[in-house]
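Coordinate inspection notes
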Amino acid sequence: MAHKEPASTHLDHRYSHPTAVVEDWADAVARLTEAEIFWLSTVRPDGRPHVTPLLTVWSRDALYFSSGDRERKVMNLQQNREVVLTTGTNTLNEGHDLVVEGEAVPETDDARLRELAALWERKYGSVWHFDVKDGAFVGAGGPALVFGVTPRTAFGFAKSPYSQTRWQFT
């Protein structure tokens, strides 16, 4: 599947082993697509950070997540849409970690939401089935708003050998 290429890619030698090489964005996209759990970081209205685990799907060069409209993350997004999504492994010497920075943009188009609902169910199973109504997901837990985060900047952290790749998008 084609994807948007970064405007620039950079290996940060300060945090990379001498034999490390720049990671390919296509490999990062595959990891973003396959990862099951992400951590979303938002900022509370008083400036304190908030972090929560959640599920995402990758589609059309963006990560999508959903949330009830009264949850802390949505209240935070009403004041500041800048977010960080992270995923990876909790091991020291193997695997990859990814960090995506961008703006969480509400997705309210019912046709697009139906596409995303199908992706959620395909990735996470029928327990994550959503219907779509009035610009939101509707499931057992009530309505859920959907947000898309197109990477502005992303970081890849390889662990064998250690490396830090930065992808910058326009």
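Structure shown above.
Within each chain, residues carry numbers counting from 1 in the order of the written sequence. Totals for whole chains, interfaces and linings use every residue, but because this is a predicted model, local features are given only for residues with pLDDT of at least 70 and side-chain atom pairs only at 80 or more, for both listing and counting. By convention in this description, side-chain values take in all heavy atoms of the structure and omit both hydrogens and water.

Side note on the packing of aromatic side chains
In plain terms, the rule: Classification of ring pairs rests on two measures: the distance between centres of Phe, Tyr or Trp rings, Trp counted by its six-membered ring, which must be within 6.5 Å, and the angle between planes, read as stacked under 30 degrees, edge-to-face over 60 and tilted in between. Per the convention used, a helix needs a DSSP run of H or I reaching at least four residues, while a strand needs a run of E reaching at least two, with both numbered from the N terminus. When accessible area is computed with a 1.4 Å probe and restricted to protein chains, residues below 20% of their type maximum are described as buried, those above 50% as exposed, and intermediate ones as partly exposed.
All chains considered together, the criterion is met by 9 aromatic pairs. Summarising the aromatic geometry, the rings of Trp25 and Phe169 are spaced 5.0 Å apart at their centres and angled 65° between planes, so their arrangement reads as edge-to-face. A residue pair is termed long-range when its members are at least 10 positions apart, and Trp25 in helix 1 (residues 25-34) and Phe169 in the segment after strand 12 (162-168) qualify at 144 residues. Just as Trp25 is buried, Phe169 falls in that class too. Between Phe65 and Phe147, the ring centres sit 5.4 Å apart and the planes meet at 20°, which makes this aromatic pair stacked.

Overview of a nonpolar patch on the surface
As a reminder, the rule being used: Two distance rules govern patches: like charges are joined within 9 Å, and nonpolar side chains (Val, Leu, Ile, Met, Phe, Trp, Tyr) within 5 Å, applied only to residues with over 30% relative accessible area and no salt bridge. Note on areas: Shrake-Rupley with a 1.4 Å probe; residue coverage comes only from the protein chains shown. Just to be clear on terms, a salt bridge is a Lys or Arg side-chain nitrogen sitting within 4 Å of an Asp or Glu carboxyl oxygen.
Taken together, the side chains of Ile37, Trp39 and Val51 present a nonpolar region at the surface, about 290 Å² in accessible area. Secondary-structure assignment places Ile37 in the loop between helix 1 and strand 2 (38-43).

Re the layout of surface pockets
So the rule is basically this: Both cavities and pockets are sets of points on a 1 Å grid over the protein atoms alone; in a cavity a 1.4 Å probe fits but cannot get out, in a pocket the set is open with protein on both sides within 12 Å along at least five of seven lines, and lining residues sit with an atom within 4 Å of a point. Grid points are joined across faces, edges and corners, and a volume is the space filled by probe spheres set on the points. Residue classes follow a fixed rule: Ala, Val, Leu, Ile, Met, Phe, Trp, Tyr, Cys and Pro count as nonpolar, while Asp, Glu, Lys and Arg count as charged, and any other residue, Gly among them, counts as polar.
There is about 330 Å³ of room inside the largest pocket. Along the walls of the largest pocket sit 18 residues, with Ser66, Trp128, Phe130, Gly141 and Ala144 positioned nearest its centre. Looking at the lining of the largest pocket element by element, the count peaks at 3 residues for strand 10 (residues 142-149). For the lining of the largest pocket, the per-class residue count stands at 9 nonpolar, 7 polar and 2 charged.

Observations regarding the pairing of strand 7 (residues 96-107)
The cut-off we apply is this: In this scheme, strands are said to pair when DSSP sees at least two bridges between them.
Sheet topology note: the strand 6 (residues 82-87)/strand 7 ladder contains 6 bridges and is antiparallel. Note that in strand 7 the partner of Thr86 across the bridge is Val99. Pairing geometry for strand 7 and strand 11 (residues 153-159), over 6 bridges, is antiparallel. Pairing of Asp97 across the sheet is with Phe157, part of strand 11. Both strand 7 and strand 10 contribute to a ladder of 4 bridges, which runs antiparallel. Bridge pairing in strand 10 places Val105 opposite Gly148.

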